[in-house]
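A look at the structure
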Amino acid sequence: MRLHGDYVDGYHMGGFGMGGWWGYGLMGFLFVIIVAAIVVAVIFLARSSRSATPVSASASATSRAETVLEERFARGDIDEQEFASRIDALKRARALE
């Protein structure tokens, strides 16, 4: 066994520095896991923010108006001709936006 400073047989700390050769493999594996977790988190956040885009106020108001007209027609408050003319007016207004 050759002693030279802190080195014994050419290995720092008697071959126990960084856990030997398997320590490098573990460190590489953990690096890959951390990078993969960051990539997955970025993709998840990008998809969730894209799906959370709010519906425009006019589109929701138009769909609400159509729902009210359907309810009134179902109750018999308006006849078929009035229902159809009002739905057509809503669709024309939506096309102008």
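A few words now on the overall build of the protein. Counting its regular elements, the protein contains 3 helices and 3 strands. Reading the secondary structure of the protein in the N-to-C direction produces β-β-β-α-α-α. In the protein, which comprises 97 residues, the proportion classed as buried is 8%.

Here the focus is the environment of Leu 69. Mapping Leu 69 onto the fold places it in helix α2 (residues 57–75). Between the alpha carbons of Leu 69 and Arg 86 there is a distance of 7.9 Å; along the sequence they are 17 residues apart.

Right, let's talk about the side chain of Glu 66 for a bit. By the element assignment, Glu 66 lies in helix α2. A distance of 2.7 Å separates a polar atom in the side chain of Glu 66 from a polar atom in the side chain of Arg 94. Apart from the residues within four sequence positions on either side, Glu 66 is in contact with Ile 87, Leu 90 and Arg 94.

Throughout the structure, instances matching the rule amount to 1 aromatic pair. Between Phe 73 and Phe 83 the ring centres are 4.9 Å apart and the planes differ by 20°, which places this aromatic pair in the stacked class. Of this pair, Phe 73 sits in helix α2 while Phe 83 sits in helix α3 (residues 80–96), placing them 10 residues apart in sequence. Residue classification places Phe 73 among the partly exposed residues on the basis of a relative accessible area of 34%.

Cut-offs applied
- Residues numbered from 1 in each chain as written.
- Predicted model: local features only at pLDDT ≥ 70, side-chain atom pairs only at ≥ 80, totals over all residues.
- Heavy atoms only, no water.
- Helix = DSSP H or I, 4+ residues; strand = E, 2+ residues; numbered from the N terminus.
- Buried < 20%, exposed > 50% of the residue type's maximum accessible area, 1.4 Å probe, protein only.
- Polar contact = N/O pair within 3.5 Å; in protein donor to acceptor, adjacent residues only side chain to side chain.
- Contact = heavy atoms within 4.5 Å.
- Phe/Tyr/Trp six-rings, centres within 6.5 Å; stacked < 30°, edge-to-face > 60°.

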